[in-house]
Amino acid sequence: MKEQLCQGERRLCGESIFKTGKAMTDPNKVIINLALFGMTQSGKSSAGNILLGSTDFHSSFAPCSVTTCCSLGRSCHLHSFMRRRGREVTLQVQVLDTPGYPHSRLSKKHVKQEVKEALAHHFGQEGLHLALLVQRADVPFCGQEVTDSVQMIQELLGHAWMNYTAILFTHAEKIEEAGFTEDKYLYEASDTLTTLLNSIQHKYIFQYKKGKSLNEQRTKILERIMEFIKKNCYQVLTFK
């Protein structure tokens, strides 16, 4: 199921605030709200489809930006995904896909306003549990484009952004092919990446495609995401 917010009804969001998510009130069901950020062709939409277990988001290789407006996807119910307080809990995932920035056709002002309004429209009341900065593992994390993507998250999420942000490294199989372990990769990473990881309390996920089924990829990523959300006491950012 997908909703788009391009030219339709919009609500402006102001300062972000944090609280415990309403989606956690049902003891037998948990709904987590995620938003994807990152540069063009970083694999945001593809990662979103893996999280949802669907093909809600259009994803393809192109010499330009593919995503031009925000879309919300909802997964089916994942029964008995986890246990909470001794009970089996059903998980549902809601993912907001956003245009990449820097964008090949859209200005920073346009992208920021588009995402700002989508966050308020979809997560204004329920709140956002986690923003995922999607970054290709085989592309160095440095330069102005990376700085711009991080700054976009900071401006949209506000002063508490580091508590609600994690990095999702796509194409992680490439680092294995190059003879790196995850630890060695992070040890030899740029100062820019090291500084960011320190800021967000080392919340990161490596997404492997080679040799792994989509269901296996999805489960491992969602388990890791749930670790971050639990550690943050299920708090959410709301937008008004």
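Scroll up a little and you will see the structure.
Residues numbered from 1 in each chain as written. Predicted model: local features only at pLDDT ≥ 70, side-chain atom pairs only at ≥ 80, totals over all residues. Heavy atoms only, no water.

## Let's talk about the overall build of the protein
Reasoning step 1: In terms of regular secondary structure, the protein is built from seven helices and 10 strands.
Reasoning step 2: A burial count over the protein gives 52% of its 240 residues as buried.
Reasoning step 3: Sequence-distant contacts, at least 24 apart, represent 77% of the contacts inside the protein between residues at least 6 apart.
Reasoning step 4: Split by element, the accessible area of the protein, about 11,300 Å² in all, is 50% carbon and sulfur. (Helix = DSSP H or I, 4+ residues; strand = E, 2+ residues; numbered from the N terminus. Buried < 20%, exposed > 50% of the residue type's maximum accessible area, 1.4 Å probe, protein only. Contact = heavy atoms within 4.5 Å. Areas by Shrake-Rupley, 256 points an atom, 1.4 Å probe, with all protein chains shown as cover.)

## Notes on the environment of Leu 222
Reasoning step 1: Mapped onto the fold, Leu 222 is located in helix α7 (residues 214-231).
Reasoning step 2: The buried category is assigned to Leu 222, whose relative accessible area is 0%.
Reasoning step 3: Each C-alpha atom of the pair Leu 222 and Leu 52 lies 9.9 Å from the other, and the pair is 170 residues apart in sequence.
Reasoning step 4: Non-local contacts of Leu 222, meaning those with residues more than four positions away in its chain, are made with Ile 32, Leu 51, Leu 78, Phe 81, Leu 91 and Val 93.

## Observations regarding the nonpolar core
Reasoning step 1: The biggest cluster of nonpolar side chains holds 43 residues, and the ones touching the most others in it are Leu 119, Leu 157, Ile 167, Phe 169 and Phe 206.
Reasoning step 2: Ranked by size, the runner-up nonpolar core spans 28 residues in total, among them Leu 36, Ala 47, Val 95 and Ile 225. (Core = buried A, V, L, I, M, F, W, Y, C linked by side-chain atoms within 4.5 Å.)

## Remarks on the pairing of strand β3 (residues 29-38)
As a general feature of sheets, a regular strand has side chains that alternate between the two faces.
Reasoning step 1: Across the 10 residues that make up β3, a large majority, nine, are buried.
Reasoning step 2: Bridge count between β3 and strand β6 (residues 87-97): seven bridges; the pairing is parallel. Bridge assignment links Asn 33 to a residue of β6, and that residue is Gln 94.
Reasoning step 3: Strand direction decides the pairing type here: β3 and strand β7 (residues 130-136), joined by five bridges, are parallel. Bridging across to β7, Ala 35 finds its partner in Ala 131. (Pairing = 2+ DSSP bridges.)

Just distances and angles here, no functional claims.
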